[in-house]
Amino acid sequence: MSTPGYPIAPDPNVPWTGALRRYDLIKEVVIATLVVLLLTIGCSLIFSSPDDKPVTIASWSAADPGDFLTTAVSELNNTSGTATYGPPYTHVAGSGQNLIGGISLQRIVGVHIPIKAPQVFVLDPLHIVAQTDPALTTVLGEYESASTSDQTKWTDAYTAALPKAIFKGSSVTLPAGHYGPVGPMMSALLAQARAGGLDGALISSDRFYQSDFTRALLFLADGGYLESLAGSQHLQGSQWGMMNETGNYPGQAWLWLYTFWYQVPPFSTSDNADAQIWGLMALFSAAFICIPFIPGLRSIPRAVPVYRLIWRDYYRRAER
Amino acid sequence: MSSGAERPTWTSHLRRQVASMPPEKLLPDTQPVYVASWIYVFGALTIGAFIVVLLSGAVIAMAGPSWWHHSSFGHFINSTHLWSTEFFFAFMVIHLWGKFFMAAWRGRRRLTWVTGAVAFLISIPIAFTGYLSQQNFDSQWIGGQAKDGINATGAGAFFNVLNFGQMLLWHAVLLPLFVGLLIAGHVILVRRRGVVPPLPGKGGA
Ligand code: HEM
């Protein structure tokens, strides 16, 4: 039996005609806002927030010049991450992740932010220095007019010798070898980077104002230094890093499901993990939005008695 | 309905919509008896957190994006922006699960669920672009990693996570505006339809 004013199966389509209670919506929102404000101020005073200094090309080349030069040579001979990336940065046949089968949205959209790695990261910045350094002008001329096979021979020899390099200040000494103009070019690039010149060169453009850091960030991301710092801060993809932030802070906990897929097969070993996981999450998101329309899913709440807990006062009276 | 001769106009349509929401319905001071549970507070707490997020973000915006890196007061305001965001998500998720277990989409309330769910999904890129706009190590690393995910969808060609200016504007203008409008629509829908009654009890249909 249900008490009058407490119908046990009210029609959710029609306005409620049963008993009412006083309810102050505005007071509720105002108090809620004040409560959040206090909680927020409390947490901010106790826990603060992280703000780790950014890495600069200058700090990278000082802290790990070997990694810096390895990355720079890979840009010069088109073997770096960016050079071999494919869309949206570079034209590389067959590159780009597949969503399913051979279908790649990345390839369909194509190259929209073109980056010529050797020019952007090495040659153009060196040409700035060369304007006041005739010897470097000659060296650059020699490299640029050489055949591709000579260029590759030099860069390969340089890359092979780098593990034996000795660094002192901003100078680098390699064992004797056939590096051609690549030796002096890389020494000049290291000196430019150490002095902060490369930071400037990578963000400057033909416009005065700057708001785009694509080139500088791609260069940093191609190196191993940024990644090693991230690893020590538990930020790598394989460390659930997408939902973490620097230090011991909650980070983006709401990315748990997205991050989860990267930890498990087949995604953890797939070359197309990003495309596949984004595709999967798009499906999940659509299903989440559409729960009220999906038979089965929309009936789960009836089967789980959480609602009896939420409306327990109401049921107690109605079922009396 | 208007009579045959006078055909409805867009203007009259809007007038009817507005008229269907008189102040007593928009801001009632009574609620059905079943609106009596702590779970109902979480919608209001989510609004509260959204307001604190907007206010702390506004203070940072007034001083510009680099300010908080070299001012201790700025750093404190940044902390409040971070923590209010964490509360916003926490309260929203509790609210969401509550509404799920109440099957609160019953009785022509499906659009309320849909607007809420879309607001949740769009809040994720707000937080994400916020991390990208910090101008610190975290931004550098997140940008470098996230580009691969977004590029894999093809969207990276237009939504460049390494373009600071673009990310800051999405973070501080476009996405909050969108979520703000969704929240407004969401709350108006709740008032318009009234709070969903309880599921039929034991032995009910
Ligand atoms: C963006 C943040 C959100 C805000 C500020 C917000 C705010 C509110 C408020 C103030 C109410 C009325 C009070 C209450 O029942 O708690 C409400 C109701 C509701 N919310 Fe949200 N909400 C948000 C996100 C969501 C999400 C993510 C969902 C689910 C996917 C959702 C689903 C609902 C539903 C279905 C109702 C109607 C409840 C009823 O008729 O009893 N909301 N929301």
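If you're wondering where the values come from, they're calculated on a predicted model, not measured in any experiment.

**Focus: the coordination of the iron atom of the ligand**
Residue and element names in this part refer to chain B.
Argument step 1. Surrounding the iron atom of the ligand are the protein donor atoms H95 (NE2) and H186 (NE2), which sit 2.0 Å from the metal.
Argument step 2. Angles of 86 to 179° at the metal separate the six donor atoms of the iron atom of the ligand, which places the site in the octahedral class. Residue H95 is located in helix α4 (residues 72-101), and its partner H186 is located in helix α7 (residues 164-193); the two are separated by 91 residues in the primary sequence. The residues H95 and H186 share a single accessibility class, namely buried.

**Considering the packing of helix α1 (residues 25-47) of chain A against α4(B)**
Packed helix pairs are characterised by how far apart their axes lie and by the angle those axes make with each other.
Argument step 1. At a minimum axis separation of 8 Å, α1(A) and α4(B) run at an interaxial angle of 125°. Compared by their axis directions, α1(A) and α4(B) come out oblique. Judged by the twist between their axes, the crossing of α1(A) over α4(B) is right-handed. Contacts between α1(A) and α4(B) involve A:V36, A:L39, A:T40, A:I41, A:C43, A:S44, A:L45 and A:F47 from the first element and B:F76, B:S79, B:T80, B:W83, B:S84, B:F87 and B:F91 from the second.
Argument step 2. Along the lines of polarity and charge, the residues of the contact of α1(A) with α4(B) split into ten nonpolar, five polar and no charged.

**Remarks on the interface of chain B and chain A**
Argument step 1. Of the residues lining the interface, 93 residues belong to chain B; the matching set on chain A comes to 94 residues.
Argument step 2. Buried surface at the junction of chain B and chain A, both sides included, amounts to about 8,400 Å², of which 70% is carbon and sulfur.
Argument step 3. Looking at the side of chain B facing chain A, the largest losses of area belong to B:W83, B:F137 and B:W141, adding up to 9% of the total buried there.
Argument step 4. Applying the counting rule to chain B against chain A returns zero salt bridges.
Argument step 5. Counting across the interface, chain B meets chain A through 29 residue pairs in polar contact (both at pLDDT 80 or more).

**Observations regarding the site of the ligand**
Residues and elements named next belong to chain B.
Argument step 1. Surrounding the ligand, one finds 24 residues, the nearest of these being H95, K99, G116, H186 and V196.
Argument step 2. Here G43 contributes a backbone N or O atom positioned 3.3 Å from an oxygen atom of the ligand.
Argument step 3. For the shell around the ligand, the secondary-structure elements that each account for two or more residues are α3 (41-63), α4, α5 (110-132) and α7.
Argument step 4. It is α5 that provides the largest number of residues to the shell around the ligand, a total of six residues.
Argument step 5. For the shell around the ligand, a count of residues per class yields 15 nonpolar, seven polar and two charged.

What counts and what doesn't
Residues numbered from 1 in each chain as written. Chains lettered and ligands numbered in written order. Predicted model: local features only at pLDDT ≥ 70, side-chain atom pairs only at ≥ 80, totals over all residues. Heavy atoms only, no water. Donors = N, O, S within 2.8 Å, 3.2 Å for Na, K, Ca; no water. Tetrahedral: all angles 85-135°; square planar, octahedral: opposite > 155°, others 65-115°. Helix = DSSP H or I, 4+ residues; strand = E, 2+ residues; numbered from the N terminus. Buried < 20%, exposed > 50% of the residue type's maximum accessible area, 1.4 Å probe, protein only. Axes fitted to C-alpha atoms, helices over the stretch in contact; angles between N-to-C directions. Parallel < 35°, antiparallel > 145°, perpendicular 65-115°, else oblique. Left-handed = near helix turned anticlockwise from the far one by under 90°. Contact = heavy atoms within 4.5 Å. Nonpolar A, V, L, I, M, F, W, Y, C, P; charged D, E, K, R; others polar. Buried area = accessible area lost by both parts, 1.4 Å probe. Salt bridge = Lys/Arg side-chain N within 4 Å of Asp/Glu carboxyl O. Polar contact = N/O pair within 3.5 Å; in protein donor to acceptor, adjacent residues only side chain to side chain. Near = heavy atom within 4 Å.

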